[in-house]
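Each chain is listed here by its residues.
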Amino acid sequence: MADARPRTLFDKIWAHHVVETLPDGTALLYIDRHLVHEVTSPQAFEGLRAAGRRVRRPDATIAVVDHNIATDDSRRTGITDPESRLQVETLERNVAEFGVPYIPLLDERQGIVHVIGPELGLSLPGMTIVCGDSHTSTHGALGALAFGIGTSEVEHVLATQTLLQKPAKNMRVRVEGTLALGCTAKDIVLAIIGKIGTAGGTGHVIEYAGEAIRALDMAGRMTVCNMSIEAGARAGMIAPDETTFAYVKGRPYAPKGEAWERALAYWRSLPSDPGAQFDKEVVLDAASIAPMVTWGTSPEDVLPITGSVPDPAAEADPARRARMQRMLDYMGLQPGQKLTDIPIDVVFIGSCTNSRIEDIRAAAAIAKGRKVAEGVRAMVVPGSGLVKKQAEEEGLDRILKEAGFEWREAGCSMCLGMNPDKLKPGQRCASTSNRNFEGRQGPGGRTHLLSPAMAAAAAIAGRLADVREYQP
Amino acid sequence: MKPFTTLSGIAAPLPMANVDTDQIIPARFLKTITRSGLGRHLFAHFRYHPDGSERPDFVLNQEPYRRAEILIAHENFGCGSSREHAPWALLDFGIRCVIAPSFADIFYNNCFKNGILPVRLPREVCDKLIEDARLGANARITVDLERQVVVRPNGEEIPFEIDPFRRHCLLHGLDDIGQTLQHAAAIDNYEARRRAEAPWLFGG
């Protein structure tokens, strides 16, 4: 069908996946890749079983455990927490019964679902990718349409390989110019969320573009797309380019030989056409972005590390003022306190936002030859067994351990407080994860979101610190 | 799924923006393999002290709101994690309708899959309903999906918008998968075409 209208990356991928459009405009959208984990799938498989349905495309589906598992050696002798064990065993029973490929806990490819998808070549440009996890937006870094779904939708995809969806609106976030020293993809995305707010992208798919985005490596692009959901957008995406293709080539599930050439030709047709219309557009100047850190309990409550805790008294809107006061009470902070004066108890480097080899290299570069401050617990949790292996081959584990960091097994770990890695009430954490919600890292825990390099600097300083003063 | 037609009940006021799904149901309660039983963990951090005792100041620990069937909140309700445990916990507690100025996308979708009606109304209207809800048991609010109106205790009717397909499914308690499978031939055709166009997407 000839359509002369310039189209966005999202428009193209969407159009290529519409099986049928229902009379009211709802599309039956075909799903190319379905990633499954232990927490949001048990009720979906149970639904299939109750209805006597099968998994339509086991070859398009893959399961892994990541959320509820321990990240220490205890995993080798069996899962001790009975509820976690039941959930993992339930997944193992389900994948066996329904014929779904599975990466077990002790497989070296095991890891966070949003790390292993791209790493294994399971996630490819142009695909529709879903998972029962909101950070599925990560995979959009490859130039895919990737978004999180609920368990009912997990069941729907398992049974039909489709979803009923209304098209999203197009939003473009352009980051122009060059990032300053010490600033990273994490600082870009925190700055974006700070600018547009946690509902800024609601109802939209965000395409990230501009010089500073193009200059990012794939790990950085994944960090940016990962936190699209924190900006309210179900999906974020970046046009595939030579950086993307070089990353994908040769990965275990990536196409090879003639299929690679065909795929490449197709992928090159995907970037947004010149003149494509976006419903909303935001532009940031990369040079004006400083290393960022959150001070409140929503990712939009973020400031440059050189800033101070804001004063609710200076806020005109009474609802906002009350909310700020509540956040300061929860976070145990005083108005006007310099961010670099905030002492920390725990450092967590990991999560689907920042646990790739590039993130660990960045942390190790700051940690090298230095020591974690007295009384600070600092942990590094690689995103997958393969990341861990590579880091060990590069000697990064040794650098980090010598500095006093814990070096752990792959998993979601302290991002979400549902496995043994949790904050204790009142503990304050410098964390490379994605959510600083109340209780997210454990009941009463206090979270400051920042980049891996900033987290490493905080570990050394024993307080939030400006990474620019801790360059290698 | 239980159909949603008309609901008349006690509404609990929760005048907070950005209520996230970690607040609705903290992750440590997600280690379950069933949909039921999550109601007692709904808003766990707000409802209970660390020792498990109730926080009397939280609305759902007060009469008559322990029996609330409607929740009224502020902007961006349900942001964060995609966990469907959030609507399951609301439903298990007894809440079948959430009224707010805006919702996060995934939570909004998840509601419809579980017979919960999310109603979007302007902030000033939500604030009026919150004032109504504060009157307690004598101030029942009615949500009529058939007529697409919220009825205040004083009889004032407030119309709301909703996607016609979702309204239809909710009114009749329809299962999405059953409906989609009526399009099985179209899915087969799409797959056959796609397999020729993009063979690398098939067979692992």
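Residues numbered from 1 in each chain as written. Chains lettered and ligands numbered in written order. Predicted model: local features only at pLDDT ≥ 70, side-chain atom pairs only at ≥ 80, totals over all residues. Heavy atoms only, no water.

## Things to note about the interface of chain B and chain A
For step 1, the next point in the chain: Each partner contributes residues to the interface: chain B has 56 residues there, and chain A has 75 residues.
For step 2, the next point in the chain: Together, the buried faces of chain B and chain A total about 5300 Å²; carbon and sulfur atoms form 56% of this surface.
For step 3, the next point in the chain: Of all residues in chain B, Lys31(B), Ile33(B) and Trp200(B) bury the most surface against chain A, accounting for 16% of the area lost on that side.
For step 4, the next point in the chain: On inspection of chain B and its partner chain A, the count reaches seven salt bridges.
For step 5, the next point in the chain: Where Glu155(A) meets Arg35(B), a salt bridge forms, and the shortest distance between an N and an O atom there is 3.6 Å.
For step 6, the next point in the chain: Counting every contact that joins chain B to chain A gives 27 residue pairs in polar contact (both at pLDDT 80 or more).
For step 7, the next point in the chain: Contributing elements (two or more residues each) for the side of chain B that touches chain A: helix H1 (21–24), helix H2 (44–47), helix H3 (85–93), helix H4 (105–112), helix H7 (176–181) and helix H8 (184–197) of chain B.
For step 8, the next point in the chain: Ranked by the residues each element gives to the side of chain B that touches chain A, the list is headed by H8(B), at eight residues. (Contact = heavy atoms within 4.5 Å. Buried area = accessible area lost by both parts, 1.4 Å probe. Salt bridge = Lys/Arg side-chain N within 4 Å of Asp/Glu carboxyl O. Polar contact = N/O pair within 3.5 Å; in protein donor to acceptor, adjacent residues only side chain to side chain. Helix = DSSP H or I, 4+ residues; strand = E, 2+ residues; numbered from the N terminus.)

## Topic: the domain arrangement of chain B
A common way to state how big an interface is: give the accessible area lost once the parts meet.
For step 1, the next point in the chain: We note that the domain assignment places domain 1 (6–173) and domain 2 (175–204) within chain B.
For step 2, the next point in the chain: Inter-centroid distance (C-alpha atoms) of domain 1 of chain B to domain 2 of chain B is 36 Å. (Domains from an automatic or database assignment.)

## Considering the packing of aromatic side chains
For step 1, the next point in the chain: This structure, assessed with the given rule, holds 15 aromatic pairs over all chains.
For step 2, the next point in the chain: Both rings, one in Trp267(A) and one in Trp200(B), keep their centres 6.5 Å apart while their planes meet at 85°; by these two values the pair is edge-to-face. Placement of Trp267(A) in helix H10 (residues 257–267) and of Trp200(B) in the segment after H8 is noted, with the two residues assigned to different chains. The two residues Trp267(A) and Trp200(B) agree in class, both being buried.
For step 3, the next point in the chain: An aromatic cluster of at least three residues, connected via ring pairs, comprises Phe245(A), Trp260(A), Tyr266(A), Trp267(A) and Trp200(B).
For step 4, the next point in the chain: Directly above the aromatic system of Tyr247(A) lies the positively charged group of Arg251(A), at a separation of 3.8 Å from the ring centroid.
For step 5, the next point in the chain: One residue, Arg120(B), lies across the ring of Tyr108(B), its end atom 4.0 Å from the ring centre. (Phe/Tyr/Trp six-rings, centres within 6.5 Å; stacked < 30°, edge-to-face > 60°. Buried < 20%, exposed > 50% of the residue type's maximum accessible area, 1.4 Å probe, protein only. Lys NZ or Arg CZ within 6 Å of the ring centre and 35° of its normal.)

## A few points about the sheet that holds strand S8 (residues 162–165) of chain A
For step 1, the next point in the chain: Pairing within the open sheet is antiparallel, and its three strands lie in the order S1-S2-S8 (chain A). Pairing within the sheet leaves two strands with one partner each, and these edge strands are strand S1 (18–21) and S8 of chain A. For this sheet, the mean inter-axis angle between neighbouring strands, taken without regard to orientation, is 20°.
For step 2, the next point in the chain: Pairing between S1(A) and strand S2 (residues 27–30) of chain A: three bridges, direction antiparallel. Pairing of Glu20(A) across the sheet is with Leu28(A), part of S2(A).
For step 3, the next point in the chain: Set on the sheet, H8(B) makes contact with S1, S2 and S8 of chain A; between it and S1(A) the angle comes to about 145°. (Pairing = 2+ DSSP bridges. Axes fitted to C-alpha atoms, helices over the stretch in contact; angles between N-to-C directions.)

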